[in-house]
Amino acid sequence: MPRDPRQLLHDIFGFPAFRGVQEAVVARVMAGQRTLAIMPTGAGKSLCYQLPAVALEGCCVVVSPLIALMHDQLRAAQAVGIRAASLTSVDADWRETQARYRDGDLDLLYVAPERASGEGFRSLLRSAPPALFAIDEAHCVSEWGHDFRPDYRLLRPLLDAFPDVPRLALTATADAHTRTDILHQLGIAADGMIISGFDRPNIRYAVHPRDGFTAQIADLLATQPGPGIIYAQTRAATEKMAASLSAKGRREVRAYHAGLDPAVRSANQAAFIASEDMVMVATVAFGMGIDKPDVRFVAHAGLPKSIEGYYQESGRAGRDGEPAEAHLFWGAEDFARARQRIFELEEARQGGERTRIAALGALVETGGCRRAVLLRHFGEDPPATCGNCDNCLSPPASIDATETARKFLSA
Ligand code: ADP
Ligand code: MG
């Protein structure tokens, strides 16, 4: 008999109640129904498979795109007493993990997509079919998504080899195209989709035409207390900006990008997590899987890659529900560069990229509510004004948007 989800929520995870659509997702999974859960970052997607993993007889196989992300989750799961392991290129204990799987000694098995699709893994699963397949960051399966991983395409044959095992796909970042594509690619029916609300009412959005980033961001740092993240566009830019912001102000500012020495990188990350007012200048590599609820502001020094990316990155602010700010600094040259990138893509992917850039153009150039633009992008039907973005708080005098984005896109 599966154990009662509410009781487990309390006993294992220590939470008094489910949040948002979690309960509905868990109920579908426990009933063996294929499901696509679309929930914003921080909404608690992991619990939607971790809880059934404990409740159900058998092991839940979790596919996740990044080893670092996987290991963070693994540690968190183990910390609450869940029997969890991973099979990735950096794990040394494959034999032991495989033996534990066969012996029914695992609740959760994290695996990278390129491993999951291999014959070795499939035969391991044949020894004892899993209780659930969870496909985290499921937008990676779609070329429409902003983070396509070809390895995700190889998962389908594995899933289909176990047609009776329920599948749960999870993502924060799906526009209508990507959603439909995920359903199709992973063999989930359209009525198996559960979408939760995307609004983050405590985040105040503001967009600024750029005029020398560093001075603008130094001003921001001077007035905005609390821990903050500044997303810069290149590794070099993070280091340069961190150095000049450190020189200008009294706050501790550090850099973070995937090219840093691993020891420095993890020291900077740990310092940020512990700090109450540190600022991290980072590439988008920073933040995934980092659980720091009290980030008070996120600033983008330059155009993000997509609305999904923007939503996800800015969404790292204010996870504690307290007031937080998201600032986006952009310039016409960002669109010129984006357009250049489109031409460098293979043709099949140009359309998706064009759509993404146009959506960003609409966000930065609107004279109306920023939140409404964001939420409409995620398929919601928000009120015309939110009262908590730059345009709602001080409506622009006239709506003669600069047209910069459109000009660059249509040229
Ligand atoms: P996501 O993958 O959707 O971005 P996570 O699964 O990483 O989110 O969860 C974000 C945070 O929310 C974690 O700290 C998690 O422990 C917490 N959380 C999840 N579910 C609940 C809940 N029902 N009540 C309170 N906190 C929760
Ligand atoms: Mg997650």
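This is a predicted model, so every value here is computed, not measured.

Notes on the sheet that holds strand S5 (residues 132-135)
What links the strands of a sheet is backbone hydrogen bonding, and the strands pair in either a parallel or an antiparallel sense. Judged by pairing direction, the sheet is parallel, and its seven strands sit side by side in the order S3-S4-S2-S5-S6-S1-S7 without closing on themselves. Single-partner strands in this sheet number two, and they are strand S3 (84-87) and strand S7 (193-195). Going from strand to strand, the sheet's axes swing by 20° on average, the running direction of each strand aside. Bridge count between strand S1 (residues 35-38) and strand S6 (residues 167-171): four bridges; the pairing is parallel. Bridge pairing links Thr35 to Leu168 in S6. Packed onto the sheet, helix H10 (residues 176-186) meets S1, S5, S6 and S7 and runs at close to 155° relative to S6.

Examining the packing of helix H11 (residues 213-223) against helix H12 (residues 235-248)
For the pair H11 and H12, interaxial distance at closest approach is 10 Å and the crossing angle is 50°. As far as their axial angle goes, H12 and H11 are oblique. With respect to the hand of their crossing, H11 and H12 are arranged in right-handed fashion. Where H11 approaches H12, its residues Thr214, Ile217, Ala218 and Leu221 are matched on the opposing element by Met241, Ser244, Leu245 and Lys248. In the contact of H11 with H12, the residues fall into five nonpolar, two polar and one charged.

Regarding the site of ligand 1
Not every one of the 13 residues close to ligand 1 is listed here, only the nearest: Phe15, Arg19, Gly44, Lys45 and Ser46. Among the elements that take part in the shell around ligand 1, helix H3 (residues 45-55) stands out by supplying three residues, more than any other. Taken together, the residues that form the shell around ligand 1 break down as five nonpolar, five polar and three charged.

Reading guide: rules and limits
Residues numbered from 1 in each chain as written. Chains lettered and ligands numbered in written order. Predicted model: local features only at pLDDT ≥ 70, side-chain atom pairs only at ≥ 80, totals over all residues. Pairing = 2+ DSSP bridges. Helix = DSSP H or I, 4+ residues; strand = E, 2+ residues; numbered from the N terminus. Axes fitted to C-alpha atoms, helices over the stretch in contact; angles between N-to-C directions. Contact = placed C-beta atoms within 7 Å. Parallel < 35°, antiparallel > 145°, perpendicular 65-115°, else oblique. Left-handed = near helix turned anticlockwise from the far one by under 90°. Nonpolar A, V, L, I, M, F, W, Y, C, P; charged D, E, K, R; others polar. Near = placed C-beta within 6 Å.

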